Amino acid sequence: PAAVTPLISGPLEIFMVLVFIVCGLIWLSEKSPFSRIFKTLPLVIWVVLIPAILTGFGIIPTGLDLYLDIGKIGLPLSLFYLIISCDLKGISKLGKPAIIAALGGTLGIAIGGTLVVMIFATGDNAGLWQGFAVISAGWIGGTANGVAVQQGLQAPADIIAPLILMQTLTGFIWLMLLLSFARHQKWLTNILQSQHKDTPHVTASATDDAKEKFSLKALTGLLALGFLALIVSGAIGQALPEIGTPT
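Residues numbered from 1 in each chain as written. Predicted model: local features only at pLDDT ≥ 70, side-chain atom pairs only at ≥ 80, totals over all residues. Heavy atoms only, no water.

### Concerning the overall build of the chain
For the record, the criterion: Helix numbering and strand numbering both begin at the N terminus, where a helix is a DSSP run of H or I of at least 4 residues and a strand a DSSP run of E of at least 2. Three labels apply to residues, based on accessible area from a 1.4 Å probe with only protein chains included: buried if under 20% of the type maximum, exposed if over 50%, partly exposed otherwise in between. Whether two residues touch is decided by their heavy atoms; if any such pair falls within 4.5 Å, the residues are in contact. All accessibility values rest on the Shrake-Rupley procedure with a 1.4 Å probe; residue burial counts only the protein chains present in the view.
A tally of helices and strands in the chain yields 12 helices and zero strands. Buried positions account for 15% of the 247 residues belonging to the chain. When contacts within the chain are restricted to residue pairs at least 6 apart in sequence, long-range pairs at least 24 apart make up 67% of them. With the model as given, the accessible surface of the chain reaches about 18,300 Å², and the carbon-plus-sulfur share is 71%.

Structure below.
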């Protein structure tokens, strides 16, 4: 059959469509009529799903170099902003139990992922390690980190898609369990012989920052800082020696 010509094919037009989708979804997620939808399916899933639907209906093309260029710029910037937005001072006040729990979770993912790959990544499933590397990177460092690993490994969609589906399903089930456990905090505290306390020193700074007026000056400063970090990290990455191949 003849190839279908996309409705929108110019790189600049495609870029503007993608920016419109992201900004529009962020705006809708903050509106009360749509908040319930975004609580069911997180914003990041819609950001991926809408462009996928547009490509499926032939509105925008697939396999453009533009997408790789956006990834090369957008992913490092996202990781940088994610890191600098962390309230490290507030997290440090949580004490050793929280730090041990976070490190223990990371170590558990690393060990568990390695065992799963060793057991199941054989024969037709030899490429399973790529998919598990992507989702485990997302568990440890967030969605932006997982997408960055996916781009680095060039993991195929037919491996990533079923794993993300199962991850989402498992996440919803686990969230339902946590919400049910939240109603019985005192009972669980007595069983685990632990202490339950609020952490206002962690959430207060985020609340205060949200009340501050975001100005054009602040936006330009953030962009300048982000692009400077992008240039410096790119130069450092180019200077590092290549060890093996990611795929």
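### Thoughts on the packing of helix α4 (residues 65–84) against helix α12 (residues 216–239)
Filter applied, for reference: Note on definitions: angles span 0 to 180 degrees between N-to-C directions of axes, and those axes are lines fitted to C-alpha atoms, for helices only across the stretch in contact. Any angle that falls under 35 degrees is termed roughly parallel, while one over 145 is termed roughly antiparallel, one within 65 to 115 roughly perpendicular, and all others oblique. Here is the rule for handedness: rotate from the far helix to the near one, and if that takes an anticlockwise turn smaller than a right angle the crossing is left-handed, while a clockwise turn gives right-handed.
Running from N to C, α4 and α12 cross one another at 110°; their axes reach a closest spacing of 9 Å. Comparing their axes, α12 and α4 come out roughly perpendicular. Seen from above, α4 lies across α12 with right-handed handedness. Residue-level contacts link Lys-72, Ile-73, Pro-76, Leu-77, Phe-80 and Tyr-81 of α4 to Leu-222, Leu-223, Leu-225, Gly-226, Phe-227, Ala-229 and Leu-230 of α12.

### Regarding the nonpolar core
We count it as follows: We define a nonpolar core as any set of buried Ala, Val, Leu, Ile, Met, Phe, Trp, Tyr and Cys residues linked to one another through side-chain atoms lying within 4.5 Å.
Formed by Ile-14, Val-17, Leu-18, Ile-21, Leu-25, Phe-38, Trp-46, Leu-54, Ile-60 and Leu-66, the largest nonpolar core amounts to 10 residues. The set of elements that each furnish at least two residues to this core consists of α1 (11–29) and α3 (43–56). No other element matches the five residues that α1 contributes to this core. With near-sequence residues (within four places) excluded, Leu-66 lies in contact with Pro-11, Ile-14 and Phe-15. Membership of the second largest hydrophobic core comes to six residues, among which are Leu-128, Phe-132, Ile-135 and Ile-159.

### Considerations on a nonpolar patch on the surface
Going by this rule: Patch membership is restricted to residues that have no salt bridge and whose relative accessible area is over 30%. Joining uses 9 Å for like charges and 5 Å for the nonpolar side chains Val, Leu, Ile, Met, Phe, Trp and Tyr. Take a side-chain nitrogen of Lys or Arg and a carboxyl oxygen of Asp or Glu: if they are within 4 Å of each other, that pair is a salt bridge.
The grouping of Ile-83, Ile-84, Leu-222, Leu-225, Leu-228, Val-232, Ile-236 and Leu-240 at the surface amounts to a nonpolar patch, some 730 Å² of accessible area in total. Mapped onto the nonpolar patch, the elements with two or more residues apiece are α4 and α12. When residues in the nonpolar patch are grouped by element, the largest group, five residues, is from α12. Summarising the element assignment, Leu-228 is placed in helix α12.

### Notes on the packing of α1 against helix α2 (residues 32–40)
Running from amino to carboxyl end, α1 crosses α2 at an angle of 105°, the nearest separation of the two axes being 7 Å. Considered as vectors, α1 and α2 are oriented roughly perpendicular to each other. On the side of α1, the interface is formed by Leu-25, Leu-28 and Ser-29, while α2 contributes Phe-34, Ser-35 and Phe-38.

### Quick word on the side chain of Ser-136
The test is simple: Here a polar contact means two N or O atoms within 3.5 Å. Within protein one must be a hydrogen donor candidate and the other an acceptor candidate, and residues neighboring in sequence count only if both atoms are side-chain atoms.
Its place among the elements puts Ser-136 in helix α7 (residues 128–141). A relative accessible area of 12% means that Ser-136 is categorised as buried. Within the structure, Ser-136 has its side chain in polar contact with the backbone oxygen of Ala-133 (distance 3.1 Å).

### Some points on the packing of aromatic side chains
The following threshold applies: Centres within 6.5 Å are what make two rings of Phe, Tyr or Trp a pair, Trp counting through its six-membered ring; a difference in plane orientation under 30 degrees is then read as stacked, over 60 as edge-to-face, and the rest as tilted.
Under the criterion given, the structure shown has one aromatic pair. Centre to centre, the rings of Phe-80 and Tyr-81 are 5.7 Å apart; their planes meet at 55°, and the pair counts as tilted.

### Let's talk about α4
What counts is decided by this rule: Given a helix with a known number of residues, its expected span is that number minus one, times 1.5 Å. What is called the bend at a residue is the angle between a pair of axes, fitted to the seven residues leading up to and ending at it and to the seven starting from it.
Between its first and last C-alpha, α4 extends 29 Å over 20 residues, near the 28 Å set by a 1.5 Å rise per residue. Along α4, the largest kink reaches about 25° and is centred on Gly-71.

### Considering the environment of Gly-234
Topologically, Gly-234 is positioned in helix α12. Remark: the alpha-carbon pair of Gly-234 and Pro-76, spanning 158 residues in sequence, is separated by 9.2 Å.

### Remarks on the confidence of the model for the chain
Applied cut-off: Predictor confidence is given residue by residue as pLDDT, running from a minimum of 0 to a maximum of 100.
Chain-level pLDDT for the chain is 76 on average; 82% of the residues reach the 70-or-more range. Mean pLDDT values over the elements of the chain span from 50, in helix α11 (residues 200–211), up to 89, in α1.

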